[in-house]
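Close look at the chain arrangement
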Amino acid sequence: MSCASRQPIVQTKEVVRTEREIVRDTDIVVEPDSATIRALFECDSLNRVVLKDIEELQGERLKPSITVSPKEDGSMLARFDCKEDSLKLEIELRDKIIEEQRTTIQTLEVEKHLNKWDSFCIVCGYILMGLLALIVIIFIAKLFIR
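This is a predicted model, so every value here is computed, not measured.

**A few points about the pattern of salt bridges**
Pairs can form between side chains of opposite charge whenever their charged atoms are close. Overall, the coordinates contain 1 salt bridge when judged by the stated rule. The salt bridge partner of Glu42 is Lys52, with a shortest N-O separation of 3.9 Å. Residue Glu42 is found in strand β2 (residues 36-43), and its partner Lys52 is found in strand β3 (residues 49-57); the two are separated by 10 residues along the sequence. Of the residues examined, Glu42 reaches a relative accessible area of 35% and is grouped as partly exposed.

**Thoughts on the pairing of strand β4 (residues 66-70)**
Two elements, β4 and strand β5 (residues 76-80), share 5 bridges in a ladder whose sense is antiparallel. In the strand pairing of β5, Pro70 is matched with Met76. Here β4 folds back onto β5 in antiparallel fashion, the turn holding 5 residues, of which Gly74 has a positive phi close to 100°.

**Quick notes on a nonpolar patch on the surface**
On the surface, a cluster of nonpolar side chains totalling about 680 Å² of accessible area is made up of Leu132, Val136, Phe139, Ile140, Leu143 and Phe144. Along the chain, Phe139 turns up in helix α1 (residues 116-145).

**What to know about the packing of aromatic side chains**
Under the defined criterion, the tally for this structure stands at 1 aromatic pair. Between Trp117 and Phe120, the ring centres sit 5.8 Å apart and the planes meet at 35°, which makes this aromatic pair tilted. Here the residue Trp117 and the residue Phe120 both occupy positions in helix α1, the gap between them amounting to 3 residues, near one helical turn.

**What to know about the confidence of the model for the chain**
Looking at the chain as a whole, the pLDDT averages 77, with 69% of positions reaching at least 70. Averaged over each element, pLDDT in the chain is lowest for strand β6 (residues 87-107) (66) and highest for α1 (93).

**A look at the environment of Ala39**
Looking at the element boundaries, Ala39 is found in strand β2. In this structure the C-alpha to C-alpha distance between Ala39 and Ala78, which are 39 residues apart in sequence, comes to 9.6 Å.

**Comments concerning the state of the cysteines**
All chains considered together, the criterion is met by 0 disulfides. In this model Cys121 remains outside any disulfide bridge; the closest cysteine sulfur is found in Cys124, 6.5 Å from its own. The class of Cys121 is partly exposed, set by a relative accessible area of 37%. Assessed through its relative accessible area of 33%, Cys124 is described here as partly exposed.

About the cut-offs
- Residues numbered from 1 in each chain as written.
- Predicted model: local features only at pLDDT ≥ 70, side-chain atom pairs only at ≥ 80, totals over all residues.
- Heavy atoms only, no water.
- Salt bridge = Lys/Arg side-chain N within 4 Å of Asp/Glu carboxyl O.
- Helix = DSSP H or I, 4+ residues; strand = E, 2+ residues; numbered from the N terminus.
- Buried < 20%, exposed > 50% of the residue type's maximum accessible area, 1.4 Å probe, protein only.
- Pairing = 2+ DSSP bridges.
- Patch = residues over 30% accessible without salt bridge, like charges linked within 9 Å, V, L, I, M, F, W, Y side chains within 5 Å.
- Areas by Shrake-Rupley, 256 points an atom, 1.4 Å probe, with all protein chains shown as cover.
- Phe/Tyr/Trp six-rings, centres within 6.5 Å; stacked < 30°, edge-to-face > 60°.
- pLDDT = per-residue confidence, 0-100.
- Disulfide = S-S within 2.5 Å.

Here's what the structure looks like:
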């Protein structure tokens, strides 16, 4: 038999963190778009340029524009805006997956119940120690009584 202090409950925490990074390059191609401008210029009797007719056909994304301005010498300046008729986007998709797993481990001290054989051995030990103590007391008593 022995005496010992009880051990406290032990808790250990374990954190496992894993990071995965996924990089994907993706091309997004948008179909080309078109727009049309038709302008009819004629000369009048004074030999000046005159804009008679204009037709604009818009695309899905493009809006054509024309700017017409007369000059002092009788000529006319026409400006057409030209725009990009197709798009190509290159994008990079970056996914980051973070998984964090927490684990808590608890260690408990639980009393073990004795089986019949262990209980019998303990009782026999008590009886044997009692008999041994009784024999020592009787031996000491005989020494002092003589």
